[in-house]
Amino acid sequence: MAGKLEGKVAVVTGGNSGMGLATAKLFAKEGAHVYITGRRKAELEAAVKEIGRNVTAVQGDVAKLSDIDRLYALVKEKHGRVDVVFANAGVGELVPIADVTEAHFDKLFGINVKGLLFTVQKALPLMAGGASIILNGSIAGYTGSPAFSVYSATKAAVRSFARTWTADLKERKIRVNTLSPGPIDTPIFETVVTEKDQVEQLKAGFAAQVPLGRMGRPEEIATVALFLASDDSSFVTGIDLSVDGGMAQV
Ligand SMILES: NC(=O)c1ccc[n+]([C@@H]2O[C@H](COP(=O)([O-])OP(=O)(O)OC[C@H]3O[C@@H](n4cnc5c(N)ncnc54)[C@H](OP(=O)(O)O)[C@@H]3O)[C@@H](O)[C@H]2O)c1
């Protein structure tokens, strides 16, 4: 049976870990050729092995416009077009408002907002009608967790982009949607805090707030990203789809 993305070309930023990796794996299984990006070379190589086929890794930093240009130059040369962009690369750090520094602000907005914007903008010349752009937001974009102010603001910006870009791209029939995860069990938590027991504490704290009583798995984001990427969602654009076990819904 043909896969849901048979013959499509997909770009997944941050495809060497967590939700990006799970999604790239599923997209490739469903017939797409997937370009994955990330800064860490060893993790990219491991991801290519894990995905197994239909995958090209491009090392790069989404906060550097020249790296994004290099990515799309390769995609153009090898495939000539992009059908799906999952702008997923992102970072989080817990910093209370009193301790926010310029470096923290610039890092988070540089990757989560500027990087995401130019990941999408620079794909546009390669996209045609029917293409799908998926932005990885977060329920943090509309909730208020302590010490999450800058991160949450980056994700509110992401959700806003999906609205305006839906309007910007309507003539071209390119769909833009936000996928907003709740707490998902990925390596991101190891970078958010420093001590191992803090990681477990943080995860347990999040899980306790989820009506379904647990964190989500990266594969549970991948299946929703597949829905938004494929023609199954052909009349869906501009939305914010929460995948959060109900955490921000009740
Ligand atoms: N886990 C959660 O609970 C949760 C909830 C809501 C939203 N999110 C969002 O989901 C997305 C994926 O996170 P995850 O949980 O799957 O975490 P993860 O496993 O840490 O993955 C993050 C990915 O982003 C890449 N990345 C980070 N900075 C980058 C940069 N400057 N340039 C290129 N790639 C970069 C990382 O690769 P390199 O480090 O190699 O660059 C990695 O592949 C993020 O946008 C995050 O904010 C996560």
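Note that the coordinates shown come from a computational prediction; the quantities given were computed from them, not determined experimentally.

J.: A description of the site of the ligand should follow, citing residues and the corresponding values.
T.: Every one of the 30 residues lining the ligand counts as a neighbour, but Gly14, Gly18, Gly38, Arg39 and Gly90 are closest to it. Residue assignment for the shell around the ligand shows that the elements contributing at least two residues are helix 1 (18-29), strand 2 (33-38) and helix 4 (102-121). In terms of residue count, the dominant contributor to the shell around the ligand is helix 1 (3 residues). Of the residues assigned to the shell around the ligand, the class counts are 11 nonpolar, 15 polar and 4 charged.

J.: So what's going on with the sheet that holds strand 4 (residues 84-87)? Residues and values would help.
T.: Taking strand neighbours across the sheet as the criterion, the 7 strands line up as 3-2-1-4-5-6-7 in an open arrangement whose pairing is parallel. Edge strands, defined here as strands with exactly one partner in the open sheet, are strand 3 (55-59) and strand 7 (240-243). The mean inter-strand angle of the sheet, taken between neighbouring strand axes irrespective of direction, is 20 degrees. Both strand 4 and strand 5 (residues 132-136) contribute to a ladder of 4 bridges, which runs parallel. Residue pairing for strand 5: Ala87 is matched across the bridge by Leu135.

J.: Can you break down the UniProt feature "domain: Ketoreductase" (unreviewed entry) in the chain residue by residue, with the values?
T.: Under the feature "domain: Ketoreductase" (unreviewed entry), the UniProt entry names residues 8-187. Secondary structure within residues 8-187 divides into 43% helix and 17% strand; the distance between the first and last C-alpha atoms comes to 28 Å.

J.: Kindly report on the environment of Ala98, identifying the contributing residues and their values.
T.: Residue position: Ala98 is located in the loop between strand 4 and helix 4. With 6 C-beta atoms counted inside 10 Å, the residue Ala98 sits in the exposed group.

J.: Tell me about helix 1, and name the residues and values.
T.: Look at helix 1: 17 Å from first C-alpha to last across 12 residues, which is about the 16 Å you get at 1.5 Å a residue. Within helix 1, 11 of the 12 residues are buried, which leaves it mostly tucked inside the rest of the structure. Gly31, located one to two residues past helix 1, shows a positive phi value of around 105 degrees.

J.: I'd like to hear about the pairing of strand 6 (residues 175-181), residue by residue, with values.
T.: The element strand 6 is largely enclosed, with a buried count of 7 among its 7 residues. Handedness of the crossover joining strand 5 and strand 6 through helix 5 (residues 149-168): right-handed. Summarising the sheet, strand 6 and strand 7 pair through 4 bridges and their orientation is parallel. Opposite Pro181, over in strand 7, you have Val243 as the bridge partner.

J.: Talk me through the nonpolar core; I want residue IDs and the actual numbers.
T.: Core analysis: the largest hydrophobic core is formed by 67 residues, its most contacted members being Ala10, Phe27, Val34, Val85 and Ala225. If sequence neighbours within four positions are ignored, Val85 has contacts with Val11, Thr119, Val120, Ala123, Ile133 and Ile134.

J.: A description of the packing of helix 1 against helix 2 (residues 41-51) should follow, citing residues and the corresponding values.
T.: The geometry of helix 1 relative to helix 2 is characterised by a closest axis approach of 10 Å and an angle of 35 degrees between their N-to-C directions. Crossing of helix 1 over helix 2 shows right-handed handedness. Taken together, the residues of helix 2 that come into contact with helix 1 (itself represented by Leu21, Ala24, Lys25 and Ala28) are Ala47, Glu50 and Ile51. Grouping the amino acids of the contact of helix 1 with helix 2 by side-chain chemistry returns 5 nonpolar, no polar and 2 charged.

Rules used in this analysis
Residues numbered from 1 in each chain as written. Predicted model: local features only at pLDDT ≥ 70, side-chain atom pairs only at ≥ 80, totals over all residues. Near = placed C-beta within 6 Å. Helix = DSSP H or I, 4+ residues; strand = E, 2+ residues; numbered from the N terminus. Nonpolar A, V, L, I, M, F, W, Y, C, P; charged D, E, K, R; others polar. Pairing = 2+ DSSP bridges. Axes fitted to C-alpha atoms, helices over the stretch in contact; angles between N-to-C directions. UniProt positions renumbered as here; feature names shortened; annotations may be inferred. Buried ≥ 20, exposed ≤ 12 C-beta atoms within 10 Å, placed from the backbone. Expected span 1.5 Å × (residues − 1). Right-handed = clockwise from strand over helix to strand, strands pointing away. Core = buried A, V, L, I, M, F, W, Y, C linked by C-beta atoms within 7 Å. Contact = placed C-beta atoms within 7 Å. Left-handed = near helix turned anticlockwise from the far one by under 90°.

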